[in-house]
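Chain by chain, the residues run as shown.
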Amino acid sequence: MHDDDTRPIMASKWWHDGLSATGLSWLQDTSYSQIDHDLLFAFVERWHEETSSFHLSFGEMTVTLDDMSCLLHLPIDGMLLSHETISRNDMVDMMMRYLGSSAGDALGGVTETRGAHARFNYLKKILKERLQLQLVLDNKCGMEEDVQRLRDQALCIYLLYLVGITLFTDKSANYVDVVYMRYFRDLDIVFDFSWGVACLSYLYRELNHVAHWSCSQLSEYLSLLHV
Amino acid sequence: MLPIGPVVSCQNTCLCCMYKLTIMFVFSSVSFDCSYIYMWLSLLQAWIYQHFRGIGSNNVWGGYRDDMHARVMFFAPRIGLFTPDSYRGHVDVLDLSGVVMAPHEEHHEACPFKRVSLYSRWLRYGNHMVRYLPERVLRQFGYVQTVLRHSCESAPPQ
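**Student:** Give me the lowdown on the pattern of salt bridges, citing residues and values where you can.
**Tutor:** Scanning the entire structure with this criterion turns up 12 salt bridges over all chains. A:Lys125 serves as the salt-bridge partner of A:Glu129, at 3.9 Å between the closest nitrogen and oxygen. With A:Glu129 and A:Lys125 both in helix α7 (residues 120–138), this residue pair falls 4 residues apart, about one helical turn. Ionic pairing is found between A:Arg130 and A:Glu129, a salt bridge with its closest N-O pair at 3.6 Å. Taking relative accessible area as the criterion, A:Glu129 reaches 37% and is therefore assigned partly exposed. A network of salt bridges, in which partner residues are shared, links A:Glu45, A:Arg46, B:Arg88 and B:Asp92.

What follows is the structure, given as structure tokens:
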């Protein structure tokens, strides 16, 4: 997303203000460059889906909403993220309306990816286009409305990318579900959604997956041992 | 006749190894790439550093009080203090003295405590549901832990 062409534009005030108003700009900075897998193994194997907690020698512990708020500064009160999977047609429609893609362009994105997903490469490409075009129009007079529209589109594209690489990372890690775009339709209310709840639920779900997966694999090994 | 003891312990060791391999595989199947951030892994690691003494760096508290910055970014990437086996051993023998139950208490000035954290039941995200039962971990909020209800009673199956 950040290259030599876009970096100066993304350093400008409107970009920074627009992004911080959504309350999600922290996501750019919150991560470890190195994950201590061994440490995580030790905890994940003590995770229990029935109680959504780690069973330790002295009792149970779990990641709470308070942790989400204090560690990530994501809002934990507000509207829940609620969505169903969307059809390809809806997806093309949304991409045209909110990202400013042309029908052919959006359709290309659909056929390239499985389901209603947008490739990161595609998002990168159109973000750059929007940013450069708004810069050109900004230097002309009387184009304020167009400039604003392009800036909103650029922010929307970037937010979609940002949640795709952080909060809701897909295993293949090269595309994001377009359904999240519905939360960026109006940039003024992005902050009113409880992103912290969504992130915590996602964490629990991933832990359930890993715990469940290792259990079923283990039982296979067990039967192997008996043989 | 074979002595039973050694056979059992041998089986246990095998099982242990296989179990570890399995979990390693699960993690490695999440393909790691520097350009993508697996937030849930980072988050879990940050949570462990916050709540358990002796794991993670000592200066995790630094820099937060004067600043509203998210804390995760302050943690320097580090290499584990223990080898995998002793991580497990360490977690096995943890007692309450090694645990910081409510690490955010002093930071609630900067980031106020919200009562919604105490909500206990189901959480929904998209079309998925997970149990969220902080009533089982009230100590983490600085409250007294009571006798726990059955999880089905706390969050009745839908």
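Read on for the rest.
**Student:** Kindly report on helix α4 (residues 65–72) of chain A, identifying the contributing residues and their values.
**Tutor:** Residues and elements named next belong to chain A. For α4, a buried count of 8 out of 8 residues is recorded, marking the element as mostly surrounded by other parts of the structure. Where α4 is concerned, the buried positions are Leu65, Asp66, Asp67, Met68, Ser69, Cys70, Leu71 and Leu72. A positive backbone phi angle near 55° is found at His73, which sits one or two residues after α4.

**Student:** Residue-level account of the pairing of strand β2 (residues 128–132) of chain B, with values.
**Tutor:** On a regular strand, each side chain points to the face opposite its neighbour's, so the side chains alternate between the two faces of the sheet. Residue and element names in this part refer to chain B. Here 5 bridges tie strand β1 (residues 121–125) to β2, and the two strands are oriented antiparallel to one another. Along β2, the bridge assignment pairs Arg121 with Tyr132. Between β1 and β2, which follow one another and run antiparallel, lie 2 residues, and Gly126 among them has a positive phi close to 60°.

**Student:** Kindly report on the sheet that holds strand β2 (residues 53–56) of chain A, identifying the contributing residues and their values.
**Tutor:** Neighbouring strands of a sheet are bound in pairs by backbone hydrogen bonds; such pairs are parallel or else antiparallel. Taken in spatial order, the 3 strands of this open sheet run β1-β2-β3 (chain A), and their pairing is antiparallel. Because the sheet does not close on itself, it has two edges, and the strands there are β1 (47–48) and β3 (59–61) of chain A.

Rules behind the numbers
- The numbers attached to residues start from 1 for each chain and follow its sequence in the written order.
- Both sets of labels track the order of writing: A upward for chains, 1 upward for ligands.
- Only residues with pLDDT of at least 70 get local features here, since the model is predicted, and only at 80 or more are side-chain atom pairs given and counted; chain-wide, interface and lining totals rely on the full set of residues.
- With hydrogens and water stripped out, all remaining heavy atoms of the structure feed into the side-chain values.
- For this document, the term salt bridge refers to a Lys or Arg side-chain nitrogen within 4 Å of an Asp or Glu carboxyl oxygen.
- Secondary structure elements are defined from DSSP: runs of H or I of at least 4 residues count as helices, runs of E of at least 2 residues count as strands, and each element is numbered from the N terminus.
- A 1.4 Å probe rolled over the protein chains alone gives each residue an accessible area, and that area as a share of the maximum for its type sets the label: buried under 20%, exposed over 50%, partly exposed in between.
- Note on pairing: two strands pair once DSSP finds at least 2 bridges between them.

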